[in-house]
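Results of the structural survey
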Amino acid sequence: MSSCGLEVTVQDNRVRKISADKLNPHSWNDFCAKGRTANQLVEHPRRIVRPMRRVGESYVEEDWDVAIRDIASRMNALINAGGPDSIGTYYGNPSGHSSSNVMFMNAWMDAIGTNSRFAVGSVDQNALHVVAEAMYGSALMVPVSDIDNCDYFVLVGTNPAVSGWNWLETAPGGWRRALTRQQNGATIVVVDPVCTESAEKADVHLAVRPGQDWALLLAMVKVILDEGRQHRGDCAELATGVPELERLVAEADLDDLSGRCGIDRDLIEGVARDFAAADGAMVVTRTGVSQHATGTVGEWLGHVLNVITGRMDRPGGRRFEPGYFDALKLAALAKTKPHVSRVAGRETVAGAHALAELPDEITTVGHGQVRAMLINCGNPVVSGPDGAKLDKALAQLDLLVVIDLVQRESHRHAHWLLPARHWLERDDLLAFTSNMHDEPFVQYGAKVVEPPPEARQEWEVFVDLALAMRRPLFGVKGFNTFVRTTRRVAALTRRPALAFGPHWLDRLFIRMSRKINGRRLTWREMMAHPHGMVLGPPEFGHFKSALRTDDKRVHAAPPEFLARIRELLSAPAPAAPEDYPFQLGNRRNRHSMNSWLNELPGLHRSGKRNDVLINTHDAADLGIVEGDLVRVFSPTGEVVLAASVSARPRRGMVIIDHGWGSRIFDPRGGGQPESFGVNRNLLVDGQSLDPLSQTSPLSSSYVGVQRLEAPSSGRAKPSPDR
Ligand SMILES: Nc1nc2c(c(=O)[nH]1)N[C@H]1C(S)=C(S)[C@@H](COP(=O)(O)OP(=O)(O)OC[C@H]3O[C@@H](n4cnc5c(=O)[nH]c(N)nc54)[C@H](O)[C@@H]3O)O[C@H]1N2
Ligand SMILES: Nc1nc2c(c(=O)[nH]1)N[C@H]1C(S)=C(S)[C@@H](COP(=O)(O)OP(=O)(O)OC[C@H]3O[C@@H](n4cnc5c(=O)[nH]c(N)nc54)[C@H](O)[C@@H]3O)O[C@H]1N2
Ligand SMILES: [Mo]
């Protein structure tokens, strides 16, 4: 799914065994809980297997025809009354793991012409999109890591030992490969307020103050530019804006920056000099940087360090992988018009509005008020800020449609539950991500088990809805007639493949594919390699020509980023409010995938719950010992959970894993909802955002912690396994 090759043994249409595909030349040594447990989701006892319509407090199964007709007519009525923006959408993380889902969801949204699009990017990777657009000219131009040649890694806000080396790039086994480099002399620097599994293995761990990466990275840029350690050639020819950067760092003071980020000045200077001097080096920035109000400028300065020290397109640095398919070109063609949101007045980022804006867009009366929502592969009540507010808003909708495998927390008010196919039940070619692999790679994802007969792929739902609503797919007049014609031909000839669908486009994408090592990939060749094909060694030299800026240069100093830094420099360093002295951090768990694996049997053996990790000294001050029940509260909400005392977090920081506290309902069996752990995002307010990426500062909230009671003998278990 994240493009990792799996070997699946199937008998009588049931998965018997899943293991890493040893014959997959790209990903054979990477295998995670998502792959290992895939069959449990396929056979989930609470899986939705037919469309279900809400009747009072329960659900009844219906035919697809009934579902599509009802949804289409209700949506059309809402559009007639309040305009296309009254239909809202939210698409979550797994939508990006299916090309056909993304493509046809957009085709449908363009068909109805709605601007009420909300996406997971605003709780995840928007900062990277904004930086890539400003510096490289395309939101999708994401450099990949050349791990195997790197001598000096600066890993900022990422815990690859647990989460893997991926965020708009996939480097299978990335962390293990970095550790191999380390054994051969490379240095690993981890910047993280928490002493994570990755930080433990690092040569240098910089326990930065949360949200202050920008100050640390700016200090490194300053040391490099002030001391003349930059790559002169790239600063003059590859990039524009270096003089502006020099002016910016002249206004900053190293002691001030060191105070802001909480890292000693000597240490910063040492890391900056070693980074600049290393043969191959890279800065990598991820969600730990982005999920703060300063996320975009933190992300930006990571890229700046790579650019000014000559790391772009050089061994051991960050490369551009052109892949077999030019996703940047397609993205430029398919780019949606920017839109300003009705209530908050903010412009879309990467084609969608911030999830944080959704509740007010639903509850604020006026033309364009969101009255219907379609949630595709998402659990926004749990993954975004102030879930309680969103839950309340979702309850007020005239129509809530969900496409998912099971009914989770965000789906509790759904009027329609539509059954999706699991990725083991569908064919897919992930052409859009071909430039995100760290080597040129192609694999056709083949279906391994037959889905429940009534489960459908998302694209089918979007096509059927557009046809039933009589609104042209892709917003192209005549497209629906064309689709109907191909369907008729397919029915007459009994050749289902003749009906228009994503498989038409997959073939087209391969026909259009770029030559790699002088050869063009063919469909036949791809299909003859079911384990995937590495299309040649990673190539350098594609970065400059792939740039989509008007002058084909890297824009190292976009004015809006400079302005934001000046704003931060002129403000005092943020301090905790008196009643909420702790900053709330997050971590990922080896056995979780955001909110969607926690309930599976066999995972989290030592306890299906999250707890709150409190620094040893802070716990002593509060009189809290391991296993105590504590209340964690903010102005937005509160949760009650067990304490785990640990030396990992910085003082003044408490950590609660996200993704928990999401009920799993039983619309078919009518059983009680199952629930594990608490939703820590109930503590995060939805008002503050990173102004540049509109990302919610999920890791910046201030909270108070209060001991409620001592552990009963049964509760004082160690913290959940990682
Ligand atoms: N505090 C805090 N909050 C965070 C984060 C954090 O680090 N800290 N991380 C953020 C990040 S990085 C992300 S990506 C988001 C995730 O946010 P979301 O994408 O909104 O949430 P997920 O938990 O990934 O839920 C995905 C849903 O898709 C369903 N699903 C899985 N496969 C399919 C499929 O093939 N088809 C359909 N139709 N449905 C499917 C699952 O059952 C599940 O209900 O959370 C964010 N929230
Ligand atoms: N097992 C597992 N793997 C996953 C996922 C999962 O849920 N489970 N989710 C997948 C997804 S959707 C994504 S986007 C990726 C994310 O991959 P990563 O970005 O590597 O995610 P995390 O492991 O949460 O690491 C983020 C780190 O940032 C730190 N951090 C918090 N605040 C700050 C700060 O202000 N500055 C710095 N420097 N660090 C900070 C946190 O302590 C944490 O260790 O992982 C993917 N892989
Ligand atoms: Mo993510």
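Note that the structure is predicted; figures quoted are calculated from it, not measured. (Residues numbered from 1 in each chain as written. Chains lettered and ligands numbered in written order. Predicted model: local features only at pLDDT ≥ 70, side-chain atom pairs only at ≥ 80, totals over all residues. Heavy atoms only, no water.)

Attention now goes to the site of ligand 2. The full set close to ligand 2 counts 30 residues, and S163, D192, G211, D213 and T287 are the nearest of them. Here a nitrogen atom of ligand 2 and a backbone polar atom of G157 are 3.3 Å apart. A distance of 3.0 Å is found between a nitrogen atom of ligand 2 and a backbone nitrogen or oxygen belonging to V191. Protein contact buries 94% of the 920 Å² of open area that ligand 2 shows by itself. Elements supplying a minimum of two residues to the shell around ligand 2: α6 (160–163) and α14 (287–290). Residue composition of the shell around ligand 2, grouped by class: 9 nonpolar, 15 polar and 6 charged. (Near = heavy atom within 4 Å. Polar contact = N/O pair within 3.5 Å; in protein donor to acceptor, adjacent residues only side chain to side chain. Areas by Shrake-Rupley, 256 points an atom, 1.4 Å probe, with all protein chains shown as cover. Helix = DSSP H or I, 4+ residues; strand = E, 2+ residues; numbered from the N terminus. Nonpolar A, V, L, I, M, F, W, Y, C, P; charged D, E, K, R; others polar.)

With that settled, consider unusual backbone geometry. The backbone of R470 shows a phi angle near 55°, a positive value even though the residue is not glycine. For R470, the position within the fold is in the loop between α20 (458–469) and α21 (479–493).

Moving on: the packing of aromatic side chains. Enumeration over the complete set of coordinates arrives at 19 aromatic pairs. With centroids separated by 6.0 Å and ring planes inclined at 55°, the aromatic side chains of F432 and F509 adopt a geometry described as tilted. With F432 in the loop between β18 (428–429) and β19 (441–442) and F509 in helix α22 (residues 502–511), this pair connects stretches of sequence that are 77 residues apart. The class of F432 is buried, set by a relative accessible area of 17%. Between F479 and F482, the aromatic rings sit 5.5 Å apart at their centres with planes inclined by 80°, giving edge-to-face as the arrangement. Taken together, the positions of F479 and F482, both in helix α21 and 3 residues apart, correspond to about one turn of that helix. Look at F479 and you get buried, because its relative accessible area is 17%. (Phe/Tyr/Trp six-rings, centres within 6.5 Å; stacked < 30°, edge-to-face > 60°. Buried < 20%, exposed > 50% of the residue type's maximum accessible area, 1.4 Å probe, protein only.)

Moving on, we get to the site of ligand 1. Of all residues adjacent to ligand 1, which total 30 residues, the nearest are Y90, N93, D404, E458 and S595. Protein contact buries 98% of the 920 Å² of open area that ligand 1 shows by itself. Class assignment for the residues of the shell around ligand 1 results in 10 nonpolar, 12 polar and 8 charged.

With that settled, consider the nonpolar core. Ranked by size, the top nonpolar core spans 68 residues in total, and within it Y136, W214, L218 and W300 carry the most contacts. Considering every element that reaches this core, the biggest residue donor is helix α9 (residues 213–226), with 11 residues. Not counting chain neighbours up to four residues away, the residues in contact with L218 comprise L248, V249, A252, L257, L301, I565 and L569. Membership of the second largest hydrophobic core comes to 65 residues, among which are I68, A420, W523 and M526. (Core = buried A, V, L, I, M, F, W, Y, C linked by side-chain atoms within 4.5 Å. Contact = heavy atoms within 4.5 Å.)

The next thing to look at is the sheet that holds strand β16 (residues 399–404). The sheet built from 8 strands is open, its strands ordered β4-β3-β17-β16-β15-β5-β6-β14 with mixed pairing. With partners counted over all chains shown, the strands left at the sheet margins are β4 (58–61) and β14 (353–354), one partner each. In this structure, strand β15 (residues 372–376) lies alongside β16, joined through 5 bridges in parallel fashion. Residue pairing for β16: M373 is matched across the bridge by L400. Relative to the sheet, helix α3 (residues 64–82) contacts β3 (52–55), β5 (87–91), β15, β16 and β17 (416–419), its axis offset from that of β17 by approximately 130°. (Pairing = 2+ DSSP bridges. Axes fitted to C-alpha atoms, helices over the stretch in contact; angles between N-to-C directions.)

A separate point is the sheet that holds strand β12 (residues 281–285). By way of backbone hydrogen bonds, the strands of a sheet pair with one another, either parallel or antiparallel. Strand order in the open sheet formed by 4 strands is β10-β9-β8-β12, with parallel pairing between adjacent strands. A strand with exactly one partner marks an edge of an open sheet, and here the two such strands are β10 (204–206) and β12. Put simply, the sheet's adjacent strands are angled 15° from each other on average, direction ignored. Pairing of strand β8 (residues 152–156) with β12, which is carried by 5 bridges, proceeds in the parallel orientation. Following the sheet pairing, V154 is matched in β12 by V283.

Glancing now at the pattern of salt bridges. On inspection of all chains with the given rule, the structure shows 44 salt bridges. D63 is the partner of R50 in a salt bridge, and the nearest nitrogen-oxygen pair spans 3.0 Å. Here D63 lies in the loop between β4 and α3 and R50 lies in the loop between α2 (38–42) and β3, a separation of 13 residues in the sequence. Across the pair R456 and D464 runs a salt bridge, and its minimum N-O distance is 3.1 Å. Judged by its relative accessible area of 15%, D464 falls in the buried class. By sharing partners, the salt bridges in this structure join R587, R609, D611 and D657 into a single network. (Salt bridge = Lys/Arg side-chain N within 4 Å of Asp/Glu carboxyl O.)

Take a positive patch on the surface next. A cluster of basic residues, K329, K544, R548 and K552, forms a positive patch on the protein surface. Using a relative accessible area of 48% as the deciding quantity, one classes K329 as partly exposed. (Patch = residues over 30% accessible without salt bridge, like charges linked within 9 Å, V, L, I, M, F, W, Y side chains within 5 Å. Lys, Arg positive; Asp, Glu negative; His and termini not counted. Charge placed at Lys NZ, Arg CZ, Asp CG, Glu CD.)

With that out of the way, let us pick up the packing of helix α4 (residues 99–112) against α22. Running from N to C, α4 and α22 point in directions that differ by 110°, and their axes come no closer than 11 Å. With respect to their mutual orientation, α4 and α22 come out roughly perpendicular. When the axes of α4 and α22 are compared, the crossing they make is right-handed. Here α4 contributes S100, M103 and F104 to the contact with α22, which in turn contributes P502, L505 and F509. (Parallel < 35°, antiparallel > 145°, perpendicular 65-115°, else oblique. Left-handed = near helix turned anticlockwise from the far one by under 90°.)

Here α21 contains 15 residues, and its C-alpha end-to-end distance of 21 Å stays within 8% of the 21 Å for a straight helix at 1.5 Å per residue. Turning to α21, the residues buried within the fold contact α20 and α22. Downstream of α21 by a residue or two, R494 has a phi angle that is positive, lying close to 55°. (Expected span 1.5 Å × (residues − 1).)

The residue R47 is located in the loop between α2 and β3 in this model. Here R47 falls in the buried class, since its relative accessible area comes to 2%. Engagement of the side chain of R47 in a polar contact is seen with the backbone oxygen of V42, the distance being 3.0 Å.

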